Structures are given as structure tokens and as C-alpha cells.
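# Architecture and fold: a report
One-letter residues, chain by chain:
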Amino acid sequence: MSDHSRTGPQPVAYLTRVQSFSASHRLHSVELSDEENKSVFGKCNNPNGHGHNYRAEVTVRGKINRATGMVINLTDLKSCIEEVIMGPLDHKNLDQDVPYFANVVSTTENLAVYIWDNLAKVLPVGELYEVKIYETDKNMVVYRGE
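What counts and how
- Here the residue numbering is sequential within each chain, running from 1 through the sequence in written order.
- Two thresholds apply to this predicted model, a pLDDT of at least 70 for residue-level local features and 80 or more for giving and counting side-chain atom pairs, whereas whole-chain, interface and lining totals are computed over all residues.
- Heavy atoms throughout the structure, all of them, feed into the side-chain values; hydrogens and water do not.
- UniProt positions are given in the numbering used here, feature names are shortened, and annotations may be inferred rather than shown by experiment.
- Labels follow the DSSP assignment, with helices taken as runs of H or I lasting at least four residues and strands as runs of E lasting at least two, numbered in each case from the N terminus.
- Using a 1.4 Å probe on the protein chains alone, a residue whose accessible area is under 20% of its type maximum counts as buried, one over 50% counts as exposed, and one in between counts as partly exposed.
- In what follows, a contact means two residues having at least one pair of non-hydrogen atoms within 4.5 Å.
- Whenever a nitrogen or oxygen atom comes within 3.5 Å of another N or O atom, the pair is scored as a polar contact, on the condition that within protein one atom can donate a hydrogen and the other can accept it, and that pairs from neighbouring residues in sequence are kept only if both atoms are in side chains.
- For two strands to be treated as a pair, DSSP must find no fewer than two bridges joining them.
- A fitted line through C-alpha atoms represents every axis, and for helices the fit uses only the stretch in contact; the resulting angles, taken between N-to-C directions, go from 0 to 180 degrees.
- Here is the rule for angles: anything less than 35 degrees is roughly parallel, anything more than 145 is roughly antiparallel, 65 through 115 is roughly perpendicular, and the remaining ranges are oblique.
- In this scheme, a crossing is called left-handed if the near helix is turned counterclockwise away from the far one by less than a right angle; it is called right-handed if the turn is clockwise.
- Throughout, the ten residues Ala, Val, Leu, Ile, Met, Phe, Trp, Tyr, Cys and Pro are labelled nonpolar, Asp, Glu, Lys and Arg are labelled charged, and all others, Gly among them, are labelled polar.

An unreviewed UniProt entry annotates the chain as 6-pyruvoyl tetrahydrobiopterin synthase of Muraenolepis orangiensis. Its UniProt record, at the heading Pathway (unreviewed entry), says of the chain: "Cofactor biosynthesis; tetrahydrobiopterin biosynthesis; tetrahydrobiopterin from 7,8-dihydroneopterin triphosphate: step 1/3."

Structural data, given as C-alpha cells:
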């Protein structure tokens, strides 16, 4: 039995919050010709776009605070997710409504980077561990800031 008393080592925990959001986009790179875009992205290059019901899993890592018993207050984590994911992304066209994607292809990989970069600005330094984005039930991306 481990001793995590007030004088013992502070245990480290990983806390994940799941958030669903819906957004549309078109996979299209300005660096490729129209034919190359059609060849690379197929039906996802539809000029009118297409949508997804995304699921984001945001994981923070940290020492469990002895006084509160928490890595981070879930209310604070929820607020950060609301600010970074729900406000700017939910029910939006990523390519037209999110300035970041004006010159960045709105793949799920780049969406994970966007979410990571913006969460890192609002979460305590060093606590963000992982952003996992499910584009579909079969496709997901994991990003850890690397």
C-alpha cells in the first residue's frame, strides 16, 4: 500500500474530458492544383464541403494537489474547452469561419494542432498532455505537441 500522505510523494494523474462538436470543411490545399486536390482528397474535396460530428478528448497531466485532491478543477477545464473548441469550432465551417484554416488544410491532424496550440495558451503551463480528435468512429488523431 503506497503512502501519499502530506509528506509523501505527490502522485501524478491524467484527467480527460470529452467534448463533442459539429463542423464542416473542405479538404483542399492551395499548394496543389485542382486535379491534384481531387486525386489526394477525393470526395472530401467537394467544393461545397462536408461535415463531421467530431469528438475531442482533452487530457491534462499533473500532480494531484494535496489540498484539493485534483490535478485541475474540472470546471476550469470545461471552461477552457468551451473557449477553445466550442466557441470557435462548433457548428462552424472550419475553412471560412476559423482564420487559422485560411491557409492551413483543415485535416483532423491540423485540427488537433489548432486545438492543442490554443489550449496551451489557457491551461496551466505543462498540464496539457494530449488532444485526441475522432473525426468518425473509425478515424482519429492523437497529438501531444510534438
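Read on for the rest.
With that out of the way, let us pick up the UniProt feature "active site" (unreviewed entry) in the chain. The sites that UniProt annotates as "active site" (unreviewed entry) are Cys-44, His-91 and Glu-135. Mapped onto the elements, His-91 comes out in the loop between helix H2 (74-89) and strand S3 (92-93). For His-91, a relative accessible area of 65% translates into the label exposed. Residue position: Glu-135 is located in the loop between strand S4 (128-134) and strand S5 (140-143). Discounting chain neighbours no more than four positions away, the residues touching Glu-135 are His-25, His-52, Asn-53, Tyr-54 and Thr-108.

To continue, consider the environment of Ile-72. Among the structural elements, Ile-72 can be located in the loop between strand S2 (50-63) and H2. Of the residues examined, Ile-72 reaches a relative accessible area of 10% and is grouped as buried. For the pair formed by Ile-72 and Gly-62, sequence separation is 10 residues and the distance between their alpha carbons is 8.0 Å. Leaving out residues up to four positions away in the same chain, Ile-72 has contacts with Leu-15, Val-60, Leu-77, Leu-123, Pro-124 and Glu-127.

Mapped onto the present numbering, the UniProt feature "binding site: Zn(2+)" (unreviewed entry) falls on His-25, His-50 and His-52. Of the residues just listed, which span 28 residues, no C-alpha pair is farther apart than 8.5 Å, and they cluster in one region. Position of His-50 among the secondary structure elements: in strand S2. Here His-50 is in contact with Ala-23, Ser-24, His-25 and Cys-44, once residues within four sequence places are set aside. On the secondary structure map, His-52 appears in strand S2. Classification of His-52 as buried rests on a relative accessible area of 13%. Beyond its immediate stretch of four places on either side in the chain, His-52 contacts Phe-21, Ser-22, Ala-23, His-25, Glu-135 and Thr-136. Side chain to side chain, His-52 and His-25 meet in a polar contact 3.3 Å long.

Looking now at the sheet that holds S2. Pairing is mixed in the open sheet, where five strands are placed in the order S3-S1-S2-S4-S5. Looking along the sheet, the strands with just one partner apiece sit at the ends: S3 and S5. With 14 bridges connecting them, strand S1 (residues 12-25) and S2 associate as antiparallel partners. Opposite Gln-19, over in S2, you have Ala-56 as the bridge partner. Across the face of the sheet, helix H4 (residues 108-122) comes into contact with S1, S2, S4 and S5 while running at roughly 145° to S4.

The geometry of H2 relative to H4 is characterised by a closest axis approach of 9 Å and an angle of 140° between their N-to-C directions. When the axes of H2 and H4 are compared, the pair comes out oblique. Crossing handedness for the pair H2 and H4: right-handed. Of H4, the residues touching H2 (which contributes Cys-80, Ile-81, Glu-83, Val-84, Ile-85, Pro-88 and Leu-89) are Leu-111, Tyr-114, Ile-115, Asn-118, Leu-119 and Val-122. Looking at the contact of H2 with H4 residue by residue, the classes come out as 11 nonpolar, one polar and one charged.

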